[in-house]
Amino acid sequence: MFRKFAAKFPCTPRIVAGHVDNWPQMEKIIHANGEVDSVAMSPDGKFIACGLNDTTIQVWDIETGEALYAPLQGHTRAVSSVAFSPDGYRIVSGSWDKTARVWNAKTGEALGSPLRGHTEWVASVAISPDGKRIVSGSDDKTIRVWNIDTCEAFGAPLQGHTYTVRCVAISPDGKRIVSGSNDNTIRVWDMETGETLGAPLQGHTGTVQCVAISPDRKRIVSGSDDKTIRVWDMETGEVLGAPLQGHTASVRSVAILSDGNRIVSGSFDRTVRVWDAKMGVALGSLLQDHASLVCSIAISPDENRIVTGSYDKTIRVWDANTIMSKASVALQSHIGSVNSVAISPDGHSVVSGSGDNTVRVWDIETGKALVAPLKGHTGPVLSVAISSDGKSIVSGSTDMTIRMWNAATGEASGVLQGHTNFVRSVAISPDRNHIVSASNDGTIRVWHIRTSEARPPSGYSDWLQSVAISSDGNCIVSGSYDKTIQVWDMGTGQASCAPLEGHTGHVLSVAISPDVCRIVSGSGDKTIRVWDMGTGELLGAPLEGHTNSVNVVAISPDGNRIVSGSDDKTVRVWDIQTGEGVGAPFRGHTGRVRSVAISPDGKRVVSGSSDNTIRVWYLEFPDRHQPFEVPAICFSTDPIHALHSASSFLQDSETSAPSGPNEEGWVAGPEGRLLFWIPLNFYPATYAPGNTLVIANTALQLDLSHVAHGTSWHKCREQ
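Calculation criteria
Residues numbered from 1 in each chain as written. Predicted model: local features only at pLDDT ≥ 70, side-chain atom pairs only at ≥ 80, totals over all residues. Heavy atoms only, no water. Helix = DSSP H or I, 4+ residues; strand = E, 2+ residues; numbered from the N terminus. Buried < 20%, exposed > 50% of the residue type's maximum accessible area, 1.4 Å probe, protein only. Contact = heavy atoms within 4.5 Å. Areas by Shrake-Rupley, 256 points an atom, 1.4 Å probe, with all protein chains shown as cover. Phe/Tyr/Trp six-rings, centres within 6.5 Å; stacked < 30°, edge-to-face > 60°. Core = buried A, V, L, I, M, F, W, Y, C linked by side-chain atoms within 4.5 Å. Pairing = 2+ DSSP bridges. Salt bridge = Lys/Arg side-chain N within 4 Å of Asp/Glu carboxyl O.

*Asks:* Teacher, can you tell me more about the overall build of the protein here?
*Replies:* Tallying secondary structure elements over the protein gives three helices and 58 strands in all. Counting every position in the protein, which comprises 719 residues, the buried fraction comes to 56%. In the protein, 45% of the contacts between residues at least 6 apart in sequence involve partners at least 24 apart. As displayed, the protein has an accessible area near 29,700 Å², and 47% of this comes from carbon and sulfur atoms.

Shown next as structure tokens:
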């Protein structure tokens, strides 16, 4: 198709590197007016309804992304739950205003009076398969059944839960109600009599936030604040298999596909996962494009689409077939967040640790994998370090272990066990005799590499986020959730001075200057601070510029510059003496920047991000990459591919040139002026100005040198 039409449109963007292996997972993004608490799909799969924190309900056309009508108004507090009737003509909503309401799905008009009776907020609503009854669960610990036509309650409230009823579901035959509660239990009820059937289902150790019933009525699936999903036998109440584990925060929504085996879950960890219940494993790659908590999911009747709603005020539509096809992924990419990067002492390779549980080694020039993925960790890898001779790699993980690897072969050379919580940070002493680790268990451990033994731990009573070793090997510096920095004597394990105080947020990263005179720290308070290593005094004012948490800091080999990475998706460079920013921020990552490293020659920066990519940037542009037109719009390593006449597109605006597409894939200029669109599956791995390399599956480079734009747009097609 491309070859057929490309010749007819010579003045459009051309791909000079990168390709698509698989169809995009995400189809579209719909922007709502407020935080999305709940989503539902119409029975014909054409419309999406969402309940918002701004007290309204919005209904969208799934194909066009257009609203059908103005937001539905009537509730006086946040809308916690929405559902479509089986015939698609009605929408039912539940709200924090203690009522449920019925709406005409075609016109948006309210039908009848609000359903009143609950004495606390309504957490969940469901509609029976025959469309005649509404079931609601509430913070008043009860479940109520209502006549959808008269809006009157049937009988007395169903009582039994001892805390908030967070979720309700109705079996496909309409005979049973299933509910989940803050009392950590699930209950099954007879729809007609209101009686409980059997004993409560117990096993979750946190609030049961969501429940779903399989189409054959044989299984119940539940999601909980304990971060797990459980499958239960509907008749016996017995749990089937081990809990499904992988989410790192509360599971807020679950749905079951028609085969009764595949489960889709959404979590406060901002991800959506698909599971094989029988095998107890996740299918395909996790969906992690939401910028905030995922509160609700829905599956289209034909099961071709998954719809998700989030506190980031968006509804996202995903291609379910692509997600669940177990599509092959080339070795040239992580399939999880890149949490840590390190550069070898010779500057030739990059080591990365990822949320996909692997450690990988890459050629810094070509981006090719030098060895097979290093596998052994059973949880996300949070930190990696390389020994001073470049022969060993050390990694720390959420599985509470530290692993040692041969850098040349990728073979495992040892496992260190002793921490009782996530290992957040690891470092190797300059003499290669010791490994230092910091953990969420509040301890720092110093391990002897040859014996794998650790001396008695030092530490805080709070989570430790980062650890660094001085270049002379005499000191350890740590950063903690308690907002302080501590300096330790490497030999004795004792604190060398009082904690360094000044940050108003968690200290997420620390680094020590090569001359051992300064400490640099990055914090959740969005600032970077520089401290005198000897006195512990703060040097100058905090470095400000990031608009979100500073996750990582690094110091250049000459000690003159600081490089920082942030949740604001940027990498920044600072002058350590003046505290001033050096140049414009590096933009290109589409997710939080988790890690940065500086090459031994001080010329390149490597960054790792939650967008699953690693980017290599020039800290100082070599002559062969100059001059760019200023400001330049270039998405390639070669400046000849830059957009010609970029200034006419920017119209002499003071706004900087776009460094990449926005979250919908558009490259836009001042006042939202659109230049071109990049398919959603491409843009997380698109080259940005300053990139020498992007390590990701099929990273994209574009030639914009012949693109017609502005008043010349009509020239894009051959005359």
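Resuming the write-up.
*Asks:* Quick question: what am I supposed to make of the packing of aromatic side chains here?
*Replies:* Working definition: an aromatic ring pair is given by the centre-to-centre distance plus the angle between the planes. Taken as a whole, this structure holds four aromatic pairs when the rule is applied. Ring geometry for Trp 463 and Tyr 481: centres 5.1 Å apart, planes at 45 degrees, overall tilted. Taken together, the positions of Trp 463 in the loop between strand 39 (458-459) and strand 40 (464-469) and Tyr 481 in the loop between strand 41 (475-480) and strand 42 (484-489) put the pair 18 residues apart, joining distant regions of the chain. For Trp 463, a relative accessible area of 35% corresponds to the partly exposed category. Seen from their ring centres, Phe 586 and Trp 617 are 5.0 Å apart, and the 5 degrees between their planes marks the pair as stacked. Note that Phe 586 is positioned in strand 51 (residues 586-587) and Trp 617 in strand 54 (residues 614-618), a separation of 31 residues in sequence. According to the relative accessible area criterion, Phe 586 is buried, its value standing at 13%.

*Asks:* Explanation requested: the nonpolar core in the structure shown.
*Replies:* The nonpolar side chains of a soluble globular protein tend to be buried, and buried together. Val 36, Val 39, Ile 48, Cys 50, Val 307 and Ile 315 are the most contacted members of the largest nonpolar core, which has 14 residues in total. When near neighbours in sequence (up to four residues on either side) are disregarded, Val 39 contacts Ala 49, Cys 50, Val 82, Ser 296, Ile 297, Ala 298, Val 307, Thr 308, Gly 309 and Ile 315.

*Asks:* Sorry, what's going on with the sheet that holds strand 44 (residues 507-512) here?
*Replies:* Two modes of strand pairing occur in sheets, parallel and antiparallel, and in both the strands are linked by backbone hydrogen bonds. Reading across the sheet, the four strands line up as 44-45-46-47 and stay open at both edges, with antiparallel pairing between neighbours. Looking along the sheet, the strands with just one partner apiece sit at the ends: strand 44 and strand 47 (543-544). Two elements, strand 44 and strand 45 (residues 518-523), share five bridges in a ladder whose sense is antiparallel. Across the sheet, the residue bridging to Ser 509 is Gly 522, located in strand 45.

*Asks:* Would you take a moment to explain the pairing of strand 8 (residues 100-104) for this structure?
*Replies:* For a regular strand, side chains alternate in direction, first toward one face of the sheet and then toward the other. The element strand 8 is extensively covered by neighbouring structure, given that four of its five residues are classed as buried. The sheet contact formed by strand 7 (residues 90-95) and strand 8 spans five bridges and is antiparallel. The residue of strand 8 that forms the bridge with Ile 91 is Trp 103. Linking two consecutive strands that pair antiparallel, namely strand 7 and strand 8, is a turn of four residues; a positive phi of about 80 degrees is found at Lys 98 within it. As judged from the three bridges shared by strand 8 and strand 9 (residues 110-115), these two strands associate in the antiparallel manner. Along strand 9, the bridge assignment pairs Val 102 with Leu 111. With antiparallel pairing between neighbouring strands as the criterion, strand 8 and strand 9 make up a hairpin whose turn holds five residues, including Gly 108 at a positive phi of roughly 85 degrees.

*Asks:* Teacher, can you tell me more about the pattern of salt bridges here?
*Replies:* Any two side chains of opposite charge can pair, given that their charged atoms come close. Under the counting rule described, the total for this entry stands at twelve salt bridges. Here Asp 312 ties to Arg 316 by a salt bridge, and the two come within 3.8 Å at their closest N and O atoms. Since its relative accessible area comes to 17%, Asp 312 is described here as buried. The class for Arg 316 is buried, based on a relative accessible area of 1%.

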